[in-house]
Amino acid sequence: THHMKRHLHFYLFVLALAGFLAFPGAAWAEEEEFNEEEIAEELIEASEDDGLSEEELPEDELPIDDEPLQDLEDLPEEDQEPAPEATPEEVEEAREAADVLEQDETGPDFQPEDEDIPETPEIESPERTLQLLVHPVFPPFQAEQVFQPLIDYLEEVTPYEIELNTPRDFHKYWLDARRGEQPHLILEDSHMAAWRMDRYDYLPIVRAADPEQFSLLTSAEFADDELNQFVARRVSTLPAPSLGYVVLANWFPNPMQQPRTLSNAQTWMDAVEIIFAFEADAAMVPYSLVARYPNLYPVEESEEFPGLTLSVSQDVDSGIARNIAEALLVLQDNPDHYTVLNEMDVEFFEAADPDEYEGLEELLKVLFAL
């Protein structure tokens with residue numbers, strides 16, 4: 001019995017100690033609550049002495065409510081009220097308010113006058129990039145040197161970008177033409193301008209003022225011979241459909257009575273030099289070269305044709321065509337671009353009359369008959 005009492009006292013002591021450890025804050029909470037109420041009553045009494053009512057006390061000195069606040073997380077989910085989502089209109093209003101705060105110090109209602117807004121200068125840009133095809137009377141590398149000054153001039157005085165197209169030879173040039181390729185601008189001899197006008201509705205707008213004419217030049221050995229005596233003789237020229245080749249072919253329409261046409265020259269001057277190399281008996285050359293070779297003799301001269309012609313595609317706007325034409329018609333008055341005409345061996349350009357080109361495409365029919 002004595003031992004049982006001792007054990008019972010020990011167990012009661014352990015239970016008491018466990019309870020005290022499990023609830024250590026209960027007594028402190030009551031004491032803290034009592035202290036807070038006591039402090040609040042002292043503040044109210046002090047405020048009454050100073051003539052302040054409870055409503056007039058500062059917010060941080062108001063008496064604490066007896067019922068402690070609950071955290072939102074401690075509330076049941078059904079009692080928690082979700083924060084309202086902002087509508088798109090409210091979001092836009094908030095952005096506008098932020099933009100207003102970033103305005104000048106003149107205030108949110110400040111609106112600058114029209115005269116305070118600098119005007120953006122209008123930069124005239126090209127409506128399109130135009131392709132200029134030139135006939136291959138020069139090899140491509142030399143054609144770029146001859147015709148690039150023309151490109152530079154047109155790009156300087158007009159708002160257009162110009163791409164120079166230099167075919168490698170007359171074979172490629174003629175093949176592309178018959179396949180229907182239609183560049184915006186073409187600078188070529190009048191018979192091809194007439195052919196494109198008839199076939200694809202191209203319009204000649206300007207031409208070189210001097211007419212174009214071809215001559216058959218020969219050496220002193222054959223200076224006194226007639227044209228028909230050159231049947232079976234070697235004649236140098238540029239390939240078909242160059243105007244010199246076409247003129248020569250029309251002089252000898254009979255396929256059984258023709259000269260031995262050598263179309264291996266790359267320029268008209270090459271055709272003349274072939275005579276001096278004793279590789280040909282005569283050469284077809286533009287009339288402008290005749291005076292440069294006094295030791296060669298003209299056998300026959302062609303009719304006069306309209307000079308080097310610039311034609312525009314039907315797809316090119318009439319305003320663009322007019323701007324290009326006007327720029328070329330005053331080119332001779334611009335001393336800064338003297339090399340443009342000089343490189344092309346043109347004195348000046350003048351307006352082209354489409355009526356002058358009617359029927360010239362017939363010269364090409366001999367090529368289809370051969």
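Residues numbered from 1 in each chain as written. Predicted model: local features only at pLDDT ≥ 70, side-chain atom pairs only at ≥ 80, totals over all residues. Heavy atoms only, no water.

1. Observations regarding empty space enclosed by the protein
Line of reasoning, step 1. In the structure shown here, the tally under the stated rule is 1 cavity of 30 Å³ or more.
Line of reasoning, step 2. Looking at the largest cavity, its volume works out to about 30 Å³.
Line of reasoning, step 3. Along the walls of the largest cavity sit Val 134, His 135, Pro 136, Val 137, Phe 138, Pro 139, Pro 140, Ala 143, Phe 147, Thr 166 and Pro 167, which together make up its complete lining.
Line of reasoning, step 4. When residues of the lining of the largest cavity are assigned to their parent elements, the largest contribution, 3 residues, is made by helix H4 (residues 140-157).
Line of reasoning, step 5. Among the residues making up the lining of the largest cavity, the classes are represented as 9 nonpolar, 2 polar and no charged. (1 Å grid on protein atoms, 1.4 Å probe; cavity = no way out; pocket = protein on both sides within 12 Å on 5 of 7 lines; lining within 4 Å. Points joined across faces, edges and corners; volume = space filled by probe spheres on them. Helix = DSSP H or I, 4+ residues; strand = E, 2+ residues; numbered from the N terminus. Nonpolar A, V, L, I, M, F, W, Y, C, P; charged D, E, K, R; others polar.)

2. Remarks on the packing of aromatic side chains
Line of reasoning, step 1. Counted by the stated rule, this structure contains 7 aromatic pairs.
Line of reasoning, step 2. Ring plane angle 90 degrees and centroid distance 5.5 Å describe the contact between Phe 170 and Tyr 173, whose orientation is recorded as edge-to-face. Taken together, the residues span about one helical turn, with Phe 170 and Tyr 173 both in helix H5 (residues 170-178) at a distance of 3 residues. For the pair Phe 170 and Tyr 173, one class covers both residues: buried. (Phe/Tyr/Trp six-rings, centres within 6.5 Å; stacked < 30°, edge-to-face > 60°. Buried < 20%, exposed > 50% of the residue type's maximum accessible area, 1.4 Å probe, protein only.)

3. What about the nonpolar core?
Line of reasoning, step 1. Core analysis: the biggest nonpolar cluster contains 54 residues, and Leu 216 and Leu 367 have the highest contact counts within it.
Line of reasoning, step 2. Listing elements by their share of this core, those giving two or more residues are H5, helix H6 (190-200), strand E5 (214-218), helix H7 (243-251), helix H8 (268-276), strand E8 (282-286) and helix H11 (365-369).
Line of reasoning, step 3. Sequence-distant contacts of Leu 216, that is, excluding residues within four places in its chain, are made with Leu 227, Phe 230, Val 235, Trp 251, Ala 282, Ala 283, Met 284, Tyr 297, Pro 298, Val 299 and Glu 300.
Line of reasoning, step 4. By size, the runner-up hydrophobic cluster in this structure holds 33 residues, among which are Ala 143, Val 146, Leu 187 and Leu 308. (Core = buried A, V, L, I, M, F, W, Y, C linked by side-chain atoms within 4.5 Å. Contact = heavy atoms within 4.5 Å.)

4. A look at the pattern of salt bridges
Line of reasoning, step 1. Throughout the structure, instances matching the rule amount to 9 salt bridges.
Line of reasoning, step 2. A salt bridge links Arg 168 to Asp 169; its shortest N-O distance comes to 3.7 Å.
Line of reasoning, step 3. The exposed category is assigned to Arg 168, whose relative accessible area is 55%.
Line of reasoning, step 4. The partner of Lys 172 in a salt bridge is Asp 176, and the shortest N-O contact between them spans 2.6 Å. Of the two residues, Lys 172 and Asp 176 are both situated in helix H5; the distance of 4 residues between them amounts to about one turn of the helix.
Line of reasoning, step 5. Counted as one network, the salt bridges with shared partners bring together Arg 207, Glu 350 and Glu 356. (Salt bridge = Lys/Arg side-chain N within 4 Å of Asp/Glu carboxyl O.)

5. Comments concerning the packing of H4 against helix H9 (residues 318-329)
Line of reasoning, step 1. Look at H4 against H9: their axes get within 10 Å of each other, and the N-to-C directions meet at 115 degrees. Remark: the crossing between H4 and H9 carries right-handed chirality. For the pair H4 and H9, the contacting residues are Leu 150, Tyr 153, Leu 154 and Val 157 in the first and Ile 324, Ala 327 and Leu 328 in the second.
Line of reasoning, step 2. Partitioning the contact of H4 with H9 into residue classes produces 7 nonpolar, no polar and no charged. (Axes fitted to C-alpha atoms, helices over the stretch in contact; angles between N-to-C directions. Left-handed = near helix turned anticlockwise from the far one by under 90°.)

6. A closer look at H4
It helps to recall that an α-helix has 3.6 residues per turn; residues three or four apart then point in one direction.
Line of reasoning, step 1. Taking 1.5 Å per residue, 18 residues should reach 26 Å; H4 reaches 25 Å between its end C-alpha atoms and fits that length.
Line of reasoning, step 2. Taking the largest bend as the criterion, H4 deviates by roughly 40 degrees, centred on Phe 147, and proline Pro 149 comes between one and four positions later.
Line of reasoning, step 3. Lining the buried residues of H4 we find strand E1 (129-134), strand E2 (161-165), strand E3 (185-188), H9 and helix H10 (338-344). (Expected span 1.5 Å × (residues − 1). Bend = angle between axes of the 7 residues up to and from the residue.)

7. A few points about the pairing of E8
Line of reasoning, step 1. Counting buried positions over the 5 residues of E8 gives 5, a clear majority of the element.
Line of reasoning, step 2. The alternating pattern of E8 places Ala 282, Met 284 and Pro 286 on one face and Ala 283 and Val 285 on the opposite face, and all of these are buried.
Line of reasoning, step 3. Here E5 runs beside E8; their pairing, made up of 5 bridges, is antiparallel. By the bridge assignment for E8, Leu 216 is matched with Met 284.
Line of reasoning, step 4. For strand E6 (residues 234-236) and E8, the ladder comprises 2 bridges, and the chain directions are parallel. Residue pairing across strands places Val 235 opposite Ala 282, the latter belonging to E8. (Pairing = 2+ DSSP bridges.)

8. Quick word on a negative patch on the surface
Line of reasoning, step 1. A cluster of like negative charges, contributed by Asp 152, Glu 155, Glu 156, Glu 161, Glu 163 and Asp 336, occupies part of the molecular surface.
Line of reasoning, step 2. Residue assignment for the negative patch shows that the elements contributing at least two residues are H4 and E2.
Line of reasoning, step 3. Among the elements that take part in the negative patch, H4 stands out by supplying 3 residues, more than any other.
Line of reasoning, step 4. Within the secondary structure layout, Glu 163 lies in strand E2. (Patch = residues over 30% accessible without salt bridge, like charges linked within 9 Å, V, L, I, M, F, W, Y side chains within 5 Å. Areas by Shrake-Rupley, 256 points an atom, 1.4 Å probe, with all protein chains shown as cover. Lys, Arg positive; Asp, Glu negative; His and termini not counted. Charge placed at Lys NZ, Arg CZ, Asp CG, Glu CD.)

9. Some words on the side chain of Ser 313
Line of reasoning, step 1. Secondary-structure assignment places Ser 313 in the loop between strand E10 (309-312) and H9.
Line of reasoning, step 2. By relative accessible area, Ser 313 is classed as buried at 3%.
Line of reasoning, step 3. For Ser 313, the side chain forms a polar contact with the main-chain nitrogen of Asp 315, separated by 3.1 Å.
Line of reasoning, step 4. Ignoring anything within four residues of it in the chain, the contact list for Ser 313 reads Gln 182, Pro 183, His 184 and Tyr 202. (Polar contact = N/O pair within 3.5 Å; in protein donor to acceptor, adjacent residues only side chain to side chain.)

10. Here we look at the pairing of E1
Residues in a regular strand point their side chains to alternate faces of the sheet.
Line of reasoning, step 1. When E1 meets E2, the two strands line up parallel, connected through 5 bridges. Considered in E2, the bridge of Gln 131 is made with Glu 163.
Line of reasoning, step 2. Chirality of the crossover, the property in question, places the unit of E1, H4 and E2 among those that are right-handed.
Line of reasoning, step 3. Relative to E3, E1 runs parallel, the two being bridged by 3 bridges. Each bridged residue has a counterpart across the sheet, and for Val 134 the counterpart in E3 is Leu 187. (Right-handed = clockwise from strand over helix to strand, strands pointing away.)

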